[in-house]
Each structure stands twice: as C-alpha cells, then as structure tokens.
Amino acid sequence: MTAIQPHGGTLINRIAEGQAREELLQAAADFKQIPVNTWTISDIDLIGVGAFSPLTGFMNEQDYQSVVDRMRLADGTVWSIPITLAVDDEKAAELAVGDKAALVGAEDGVVYAVLDIESIYSVDQTAEATKVFKASDSEHPGVKKLFERPSNYVGGSIQVLNRPKPTKFGEFYFDPAETRRIFAEKGWKKVVGFQTRNPVHRAHEYIQKSALEIVDALFLNPLVGETKSDDVPANVRMKSYLVLLENYYPADRTFLGVFPAAMRYAGPREAIFHAMVRKNYGCTHFIVGRDHAGVGDYYGTYEAQEIFSNFTAEELGITPLFFEHSFFCKKCGNMASSKTCPHPKEDHLTLSGTKVRGLLRDGVCPPPEFTRPEVAKILIEGMSAQVSS
C-alpha cells in the first residue's frame, strides 16, 4: 500500500529557497505592501508547506464563491473553508490585478511572502457567515473575527520568503513532507489523525484508543494557533498531552505534532477542512467526534459527521471515523458510548465542560473516571497560574 495521496494529488510547496528567494526578497522592496496579522501569517506558512494543498495561495473570487456556495473549489475539489486575504478600501484601491505585492508582518515588518495578484473583489460577509458558520451574529467567535476584517479580498498564488519562528513547542512542529516521511520510516500504513483544541479527557482517550485498534498509529495533532480567550492555553494543553502519552499510550504507535493554524469555530465545515489537512499530513483516517470544532449551541451534536455524506469516499480520499458521545458507565465499569452501553443515563458519569473548569479552578481533581489524575494536576497548576498572573 502506497502512502495516501495529498489532497488534489500533489503536496504543494511554495517555499522559495536559495537564489530565487534572494532575488524575490530584493524585488519585494519595490512591491506594494499588504500588512498581515498572526492569523494570516499562519495561513501563509500552511499554504507554503502544503498543509492546505491543493491551495497555492489565497483564494481568488471564483474559488471563494464556489467554496462558500458548494464546499468545493471552482475545479470541483472538495474544500469547505474560505482561505482569504482581506484588505481595507484604501489598500484595495492601490492594488491591481497582475501586480505583485509583499505580505509584510504588521507587527515585525518581516516580508513573509510575495503574492501574484489574480483577483481583487468585495464580498458579502453576512452571506459568507451564514453559509460557512451557519450564523450571522457576533456572539459566534468565528463570525466576530470575520466581521472585524475588511470585506475586500485579494486572491492569488504566493511564494513564501520567511517562515514564522515557533516561540514554543518548536520540537513538535512538523511540515507535511516530514510527517509523511516519519510515518513511512516507522512502517505505518494506516494512521488516524485527531484534532483537538482542548485537553484530552477519558472520553477522548477512549475514542482515540478505539480507533487505534484498527490502524497502525495515532497522530495527535493539537491546534496551537489562535483560539478563544477562554480556551485552555496551548502551553498547558501541551504539557497535559505529553504526560498522558507518556503514561497511558504505546510510544511506538503514537506521534505528537502541533497544527499551527487558527481555530475557525466553523463546526461541520471545519470538520471537513480538518480532515483534508490531516490527509496532507499523511493520515489515512480522521476522528470526528460529537460537535467537532463547534462552539455554543450553534451546531447539532452530530452535524459535523453528517456533512461528510455530501461527498463520495473518492472525493474525500481519507476515511472519517465517527464516534458517539462517550462516558464512564458505573454499571459496565468502563468507558462506553450509547452504541455499547445498555444502561440509563443515571449510571453514566458525565460532567459538563463548565463543571470541570469549575472543579479545576477550585483546585479539585475531577473523578479519575473522567480525567487522568496526571492530566488534572497539570490543568489545575495551569489554571492557578492564569489566575495569579
């Protein structure tokens, strides 16, 4: 069995190197500049290394409209989230199709990439919000972010000249070409990807290990880009993943690497996006749990699983593994789900996220049936550090 094909058939590489990079850097001094924030810089990097294959840059109007309307690029390739570059009216008026522009860090002045401008267009952000997020109110964090951006987008291919330096977890950054090589060297033919922006509790552990029973390895790929302010900080989460893997997972069948993207909170559409990206990293399977990438009550419990039925297995090219809500059943004496446990809710140990956060904030370990004590200890320490800082 050969390695899984990247999405679209080719692992994109838009990183300029050597002489070509030097020449572009020199030329970029004369190009019009577009300031970019940390979110866009992470998108630039992920396009550059092929994590967002088959994208070679920011979406032009045709691809954008097609993705918003039908979750496909203009050529029909499955893609569910617009990857766009927003500019204000003044900047849009300065730019012209056919020009090159330098994408420059707003805070550090670094030239991250050069963009070949193929398209300059204005969008209806309310329509984008309604279709992508299934919401149009600013209470939704993804919609809020969208409405904070200008409604002019610039599309075109990029060449990456500088990459952001990881400020932490540097040893856990792997480009798709690297994870593919590592999986091949380890002899893993079937790898399941798991996306998370939260600590891993027993319910997550149960579905990860259930998946691990049918594949060669687990790729734990936590998102460490921008998240909501009330999400557990990435450094605390990383410590909790490490202690969990060390104590409860087989070292020769697990691999931890970070996903440096921003969280979109687009629920069902983001589940498709997360699966396509993990395919680029070399995963053959992808876990989709309840309310994947959801927020609040915006999405149905299993909507992120149902959305996959819009596409054929061939179009997806990665096998989604759907799991129900899992819990510890006192009667069964183990972790289970409604598929495997016959007992009523009264026998199930379930704690809401709010309840767990309350316990941790008070320095109380949740029951070991809910979370591993080693993980709880790290989360308690992290929360007390947040409160005291």
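Here, the structure is the one placed above.
Now for a quick tour of the structure.

1. Concerning the overall build of the chain
- The helix and strand tally for the chain stands at 14 helices and 15 strands.
- Relative to its full complement of 389 residues, the chain shows a buried share of 53%.
- Put simply, 72% of the contacts in the chain that link residues at least 6 apart link residues at least 24 apart.
- Carbon and sulfur atoms make up 49% of the accessible area of the chain, which amounts to about 17300 Å² in all.

2. What about the packing of helix α3 (residues 61-70) against helix α5 (residues 125-132)?
- Where α3 meets α5, the closest approach of the two axes is 8 Å, and the angle between their N-to-C directions is 45 degrees. Relative to α5, α3 is oriented oblique. Taken together, the residues of α5 that come into contact with α3 (itself represented by Tyr64, Val68 and Asp69) are Glu128, Lys131 and Val132.
- Along the lines of polarity and charge, the residues of the contact of α3 with α5 split into three nonpolar, no polar and three charged.

3. Remarks on the nonpolar core
- By size, the foremost hydrophobic cluster in this structure holds 78 residues, and its most contacted members are Ile44, Phe52, Met59, Trp79, Ile83, Leu103 and Ile158.
- The dominant element in this core, judged by the number of residues it contributes, is helix α10 (residues 267-280), at six residues.
- Ignoring any residue separated from it by four or fewer positions in sequence, one finds Ile83 in contact with Asp43, Ile47, Phe52, Leu55, Phe58, Met59, Arg264 and Phe273.
- One finds Phe194, Val236, Leu245 and Ile380 within the second-largest nonpolar core, a separate group that totals 35 residues.

4. Structural notes on the state of the cysteines
- Within the structure shown, the criterion is met by zero disulfides.
- No disulfide involves Cys329; its nearest neighbouring cysteine sulfur is the one of Cys341, lying 3.6 Å away.
- Accessibility expressed as a relative area gives 0% for Cys329, which makes it buried.

5. Some points on the environment of Glu270
- Within the fold, Glu270 resides in helix α10.
- Judged by relative accessible area, Glu270 falls into the buried class, the value being 0%.
- For the pair formed by Glu270 and Phe259, sequence separation is 11 residues and the distance between their alpha carbons is 14 Å.
- Excluding residues within four positions of it along the chain, Glu270 makes contact with Ile81, Ala262, Met263, Arg264, Tyr265 and Ala293.

6. Description of the sheet that holds strand β10 (residues 254-256)
- Spatial strand order, β10-β9-β8-β11-β12: five strands in an open sheet with parallel pairing. Two strands bound the open sheet, and with one partner strand each, they are β10 and β12 (319-322). Going across the sheet, the axis of each strand differs from the next one's by a mean of 25 degrees, ignoring polarity.
- Two elements, strand β11 (residues 285-288) and β12, share four bridges in a ladder whose sense is parallel.

7. Section: the sheet that holds strand β14 (residues 334-337)
- Strands sit in the order β14-β13-β15 across an open sheet of three strands; the sheet is antiparallel. Only two strands of the sheet have a single partner each, and these edge strands are β14 and β15 (348-349).
- Strands in contact with helix α8 (residues 202-212) are β13 (326-329) and β14; relative to β14, the strand with the most contacts, it is inclined by about 75 degrees.

8. Brief notes about the layout of surface pockets
- Looking at the second largest pocket, its volume works out to about 900 Å³.
- Thr38, Ser42, Pro164, Tyr173 and Val224 are the residues nearest the centre of the second largest pocket, which is lined by 39 residues in total.
- Counting residues per element, the ones that place at least two in the lining of the second largest pocket are α2 (38-48) and α9 (234-248).
- Top contributing element to the lining of the second largest pocket by residue count: α2, with six residues.
- In terms of residue class, the lining of the second largest pocket is built from 20 nonpolar, eight polar and 11 charged.

9. Points about the environment of Phe273
- As for its position among the elements, Phe273 is in helix α10.
- It is 9.8 Å that separates the C-alpha atoms of Phe273 and Pro82, two residues lying 191 residues apart in sequence.
- Those residues in contact with Phe273, other than ones at most four positions away along the chain, are Phe52, Trp79, Ser80, Ile81, Ile83 and Arg264.

About the thresholds
Residues numbered from 1 in each chain as written. Predicted model: local features only at pLDDT ≥ 70, side-chain atom pairs only at ≥ 80, totals over all residues. Heavy atoms only, no water. Helix = DSSP H or I, 4+ residues; strand = E, 2+ residues; numbered from the N terminus. Buried < 20%, exposed > 50% of the residue type's maximum accessible area, 1.4 Å probe, protein only. Contact = heavy atoms within 4.5 Å. Areas by Shrake-Rupley, 256 points an atom, 1.4 Å probe, with all protein chains shown as cover. Axes fitted to C-alpha atoms, helices over the stretch in contact; angles between N-to-C directions. Parallel < 35°, antiparallel > 145°, perpendicular 65-115°, else oblique. Nonpolar A, V, L, I, M, F, W, Y, C, P; charged D, E, K, R; others polar. Core = buried A, V, L, I, M, F, W, Y, C linked by side-chain atoms within 4.5 Å. Disulfide = S-S within 2.5 Å. Pairing = 2+ DSSP bridges. 1 Å grid on protein atoms, 1.4 Å probe; cavity = no way out; pocket = protein on both sides within 12 Å on 5 of 7 lines; lining within 4 Å. Points joined across faces, edges and corners; volume = space filled by probe spheres on them.

The values are spatial; any link to function lies outside them.
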